[in-house]
Amino acid sequence: MKPAGKSGQQPEKSLNLQALQRTPGFMLRLAQLKFFEGFYEVFAALGVTPATYAIFVVIRDNPGVPPSSLASLLRLRLPNLIKILNELESSGFIKRNRSKADRRAVELVLTPKGAKLIHEATSLTEPYNKKMLVPLSEAEQRTLLELLNRILPL
């Protein structure tokens, strides 16, 4: 019998996960969780979440993007995105403008405050990615991104 751990519980027996380790969806999900945990540690001081980071980057790189396009790209339900956009707008990070081409349409742009925040966040991105991908060589890191982009063409 194995000794009990500090909490008095028996240590877990090593589980056989070979079948799951050959399942891309399961492994991608575990990788996502690992990356999100690391993201929250690195970006917590800025108050940026993975979702808000993606929103800021898409708006920065595509000024005037409509909320519906943003929701579709990020696989967010529009009501959930609208809630996030309301918070970002009330915090002064983004602005909603009426489209000059179609007055019914809304376009999203960063405010100077939002541009400053995403600039600070992107300065953390390369060191964060290096830390998370340290088990892979630079060539393997490039290959991983190439393969992911092939699976998920945007």
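Trainee: Which residues make up helix 3 (residues 50-61), and what values do they have?
Mentor: Structural remark: α-helix, 3.6 residues per turn; residues separated by three or four positions point the same way. For helix 3, which comprises 12 residues, the first-to-last C-alpha distance of 17 Å matches the rise-based estimate of 16 Å (1.5 Å per residue) to within 8%. Regarding helix 3, the residues found buried are P50, T52, Y53, I55, F56, V57, V58 and I59. Looking at the packing, one finds that the buried side of helix 3 touches helix 2 (24-43), helix 4 (67-74), helix 5 (78-90), strand 1 (94-98), strand 2 (106-110) and helix 6 (112-132).

Trainee: Tell me about the packing of helix 3 against helix 6, residues and numbers included.
Mentor: Packed helices, taken two at a time, are described by their axes: the angle between them and the distance between them. It is at 10 Å that the axes of helix 3 and helix 6 come closest, and there the two elements cross at 115 degrees. Classed by the angle they form, the pair helix 3 and helix 6 counts as roughly perpendicular. Considering the relative orientation of helix 3 and helix 6, their crossing is left-handed. Here Y53, F56, V57 and R60 of helix 3 lie close against helix 6, whose contacting residues are G114, L117, I118, A121, T122 and T125. Here the residues of the contact of helix 3 with helix 6 are counted per class, giving 6 nonpolar, 3 polar and 1 charged.

Trainee: If you had to explain the environment of R150 to someone new, which residues and values would you point to?
Mentor: Structurally, R150 can be placed in helix 7 (residues 138-151). Residue R150 is classed as exposed on the basis of its relative accessible area of 64%. Spatially, the C-alpha atom of R150 lies 37 Å from that of R103, the residues being 47 residues apart in sequence.

Trainee: Please set out the nonpolar core residue by residue, giving values where relevant.
Mentor: Ranked by size, the top nonpolar core spans 25 residues in total, and within it Y53, I55, F56, I59, L70 and I94 carry the most contacts. Broken down by secondary-structure element, the contributors of at least two residues to this core are helix 2, helix 3, helix 4, helix 5, strand 2 and helix 6. With 6 residues, the single largest contributor to this core is helix 3. Residues contacting Y53, with those up to four places away along its chain left out, are F39, F43, V48, I118, A121, T122 and T125.

Trainee: Requested: an account of the side chain of T52, with residues and values cited.
Mentor: Within the secondary structure, T52 is located in helix 3. Judged by its relative accessible area of 12%, T52 is buried. If we skip the residues at most four places from it in the chain, T52 touches I84 and L88.

Trainee: Let's hear about the pattern of salt bridges: which residues, and what values?
Mentor: Evaluated as defined, the whole model comprises 6 salt bridges. The salt bridge involving K131 is made with E41; its shortest N-O contact spans 3.9 Å. Here K131 is found in helix 6, whereas its partner E41 is found in helix 2, with 90 residues between them in sequence. Of the charged contacts in the structure, one is a salt bridge between D102 and R104, with a shortest N-O distance of 3.1 Å.

Trainee: Account for the environment of V65, naming residues and giving values.
Mentor: Take V65: it is sitting in the loop between helix 3 and helix 4. Sequence separation of V65 and E107 is 42 residues, and the distance between their C-alpha atoms is 5.3 Å. Apart from the residues within four sequence positions on either side, V65 is in contact with I59, L70, V106, E107 and L108.

Cut-off values and rules
Once a new chain begins, its residue numbering starts again from 1 and follows that chain's sequence as written. Side-chain atom pairs in this predicted model are given and counted only at pLDDT of 80 or more, local residue features only at pLDDT of at least 70, and totals for whole chains, interfaces and linings cover all residues. Heavy atoms from the whole structure form the basis of all side-chain values; hydrogens and water molecules are not counted. Numbering goes from the N terminus for both helices and strands, where a helix is a DSSP run of H or I of at least four residues and a strand is a run of E of at least two. By definition here, a helix of n residues has an expected span of 1.5 Å times n minus one. Only protein chains enter the accessibility calculation, which uses a 1.4 Å probe; a residue whose area is less than 20% of its type maximum is buried, one above 50% is exposed, and one in between is partly exposed. Pairs of residues are marked as contacts when any of their non-hydrogen atoms sit within 4.5 Å. Fitted lines through C-alpha atoms serve as axes, helices being fitted only where they are in contact, and the angles separating the N-to-C directions of these axes extend from 0 to 180 degrees. Angular relationships are summarised with four words: roughly parallel below 35 degrees, roughly antiparallel beyond 145, roughly perpendicular across 65 to 115, and oblique for the angles in between. Left-handed describes a crossing whose near helix is turned anticlockwise from the far helix through less than a right angle; right-handed describes the clockwise counterpart. For this classification, Asp, Glu, Lys and Arg are treated as charged, while Ala, Val, Leu, Ile, Met, Phe, Trp, Tyr, Cys and Pro are nonpolar and the rest, including Gly, are polar. In this text, buried Ala, Val, Leu, Ile, Met, Phe, Trp, Tyr and Cys residues form a nonpolar core when linked through side-chain atoms within 4.5 Å. For salt bridges, the criterion is a side-chain nitrogen of Lys or Arg within 4 Å of an Asp or Glu carboxyl oxygen.

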